[in-house]
Amino acid sequence: MGGQKTPLGPRVRVQGDERRGSRRPRLVLLLVLACLTVMTLDAKTGSSSPLEPLRSAVGTVVGPAESVAAAAARPFSDLGSAFSDNRSLRHQVATLTAENSQLRSENALAPQQRSRLAELKALTGTAADTGYTLVAARVIAVGSAQSFQRTVTIDAGTSSGVRADMTVLSGAGLVGRVVSATRSTATVLLIVDRGSVVGTRLGSSLEMGSVTGEDSLRGHGSLQLDLLDSSVTPAKGDVVSTWGSKDGVPYVAGVPIGKVTDVRANPRNLAVHATVEPFADFSALDLVGVVVPSGSTGDRVISADGKTTR
């Protein structure tokens, strides 16, 4: 009997597996039919579907979990856009900072530019009033105190027609004379230098004399006026102008120098001395003009009619 049981056992198990295998397609078919039935009923009945309570219950349980999951995933999903927005903001901040810096620079330069335009306008008016042709130049350096001379350097030289012993003036009045020139620069001796002597005429009487510098660059500085006729007493407020030299070298005639601010007599020699305050401000010189021969041309030349020439 033991030999017969061994083959029967496997044969019975195989039959059981076959039965279970045959049931699976039926179960799957039933599940599919049930799902289709439920979907059909739910679609037809809408909100009155018998499945609505079940769907609400599932939503109540699953909804919070979905919200938590979405909130947890949101930082990661927004990370890319955050980086992009951050780069855009940094670019905008950099652009606005640069624009603000430029506006500040322009605002800081505005008074200087307005002042320079006013000086150019005054210089043009001087050329028209005096009838002289000028080469416009900027003061770019002031001579050192160790040189024992009051000088400035201008940015116009021989290439612009500037030579030694030419008159230099500003829109306000006489500045000095050129003492040396290179191709692109020139050195100007100011009339406030102690070694500077300028022939003058007194405005009210045309009396001749001379002014000598008192070596001061504070504000407008000061000059000492001595008249040839010691019996003539200048009045305060009298305007002093250049007498002029032969061929206009080193000073042309008719350029205003300054006005008399103080008059004093010297009992010893019966002479009268007067202090003249120059019209030019030597502590703030910027734009000046060098008197050049009439008919000169160039991009810096201002003609006697107040126009620039080329």
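Residues numbered from 1 in each chain as written. Predicted model: local features only at pLDDT ≥ 70, side-chain atom pairs only at ≥ 80, totals over all residues. Heavy atoms only, no water.

Regarding the overall build of the protein chain
In terms of regular secondary structure, the protein chain is built from three helices and 13 strands. Across the 310 residues that make up the protein chain, the buried fraction comes to 27%. Pairs at least 24 apart in sequence give 58% of the contacts found in the protein chain among residues at least 6 apart. Accessible surface for the protein chain amounts to roughly 19,300 Å². Of this, 58% is attributable to carbon and sulfur atoms. (Helix = DSSP H or I, 4+ residues; strand = E, 2+ residues; numbered from the N terminus. Buried < 20%, exposed > 50% of the residue type's maximum accessible area, 1.4 Å probe, protein only. Contact = heavy atoms within 4.5 Å. Areas by Shrake-Rupley, 256 points an atom, 1.4 Å probe, with all protein chains shown as cover.)

Describing the pairing of strand 12 (residues 287-292)
Strand residues, when the strand is regular, have side chains that alternate between the two faces of the sheet. Burial runs high along strand 12: six of the six residues are buried. The side-chain alternation of strand 12 yields two buried faces, one formed by Leu-287, Gly-289 and Val-291 and the other by Val-288, Val-290 and Val-292. One ladder, built from two bridges, connects strand 3 (residues 167-169) with strand 12; its direction is antiparallel. Considered in strand 12, the bridge of Leu-169 is made with Gly-289. (Pairing = 2+ DSSP bridges.)

A word on the pattern of salt bridges
Per the counting criterion, the structure on display carries four salt bridges. Asp-165 is paired through a salt bridge with Arg-177; the nearest N and O atoms lie 3.5 Å apart. Taken as a pair, Asp-165 in the loop between strand 2 (151-154) and strand 3 and Arg-177 in strand 4 (residues 174-181) lie far apart in primary sequence, twelve residues in all. (Salt bridge = Lys/Arg side-chain N within 4 Å of Asp/Glu carboxyl O.)

Considerations on the environment of Tyr-132
In this structure, Tyr-132 sits in the loop between helix 3 (79-130) and strand 1 (133-142). Considered as a pair, Tyr-132 and Ser-294 are 162 residues apart in the sequence and their alpha carbons are 6.9 Å apart. Among residues more than four places away in sequence, those in contact with Tyr-132 are Ala-127, Val-252, Ala-253, Val-255, Val-291, Ile-302, Ser-303 and Ala-304. Among the polar contacts listed, one links the side chain of Tyr-132 to the backbone oxygen of Ala-253, at a separation of 2.7 Å. (Polar contact = N/O pair within 3.5 Å; in protein donor to acceptor, adjacent residues only side chain to side chain.)

Details of the side chain of Thr-167
Examined against the element boundaries, Thr-167 turns out to sit in strand 3. Owing to a relative accessible area of 1%, Thr-167 belongs among the buried residues under this scheme. At a separation of 3.0 Å, a polar atom in the side chain of Thr-167 contacts the main-chain amide nitrogen of Val-252. Apart from residues no more than four positions distant in its own chain, Thr-167 is found in contact with Leu-174, Gly-176, Gly-248, Pro-250, Tyr-251, Val-252, Gly-289, Val-290 and Val-291.

Thoughts on unusual backbone geometry
Here the amide bond leading from Val-249 into Pro-250 is cis, since omega sits at 0 degrees, within 30 degrees of zero. Residue placement: Pro-250 occurs in the loop between strand 9 (239-242) and strand 10 (256-266). Although it is not a glycine, Leu-206 adopts a positive phi angle of roughly 60 degrees. As for its position among the elements, Leu-206 is in the loop between strand 6 (197-202) and strand 7 (208-213). Residue Leu-206 is classed as exposed on the basis of its relative accessible area of 54%. Of note in this structure, Asp-247 is not a glycine but carries a positive phi near 60 degrees. Structurally, Asp-247 is set in the loop between strand 9 and strand 10.

What to know about the pairing of strand 2
Note that strand 1 and strand 2 share three bridges and pair antiparallel. The partner of Ala-141 across the bridge, within strand 2, is Thr-153. Looking at chain direction, strand 2 and strand 5 (residues 186-190) are connected through four bridges and run antiparallel. Bridge pairing in strand 5 links Thr-153 to Thr-187.

Here's the deal with the side chain of Thr-242
Within the secondary structure layout, Thr-242 lies in strand 9. Polar side-chain contacts of Thr-242 include one of 2.7 Å to the backbone oxygen of Val-252. Within the structure, the side chain of Thr-242 is placed 2.8 Å from the backbone nitrogen of Val-255, a separation counted as a polar contact. Excluding residues that lie within four positions of it along the chain, Thr-242 makes contacts with Leu-174, Val-198, Gly-199, Thr-200, Val-252, Ala-253, Gly-254, Val-255 and Ile-257.

A few points about the environment of Val-292
When you line up the elements, Val-292 lands in strand 12. The buried category is assigned to Val-292, whose relative accessible area is 7%. The spatial distance from the C-alpha of Val-292 to the C-alpha of Gly-161 is 7.1 Å, given a sequence separation of 131 residues. Residues within four places of Val-292 in sequence aside, it is in contact with Thr-133, Leu-134, Val-135, Gly-161 and Met-166.

Focus: the environment of Lys-121
By the element assignment, Lys-121 lies in helix 3. Taking the C-alpha atoms as reference points, Lys-121 and Gly-171, separated by 50 residues in sequence, lie 7.8 Å from one another.

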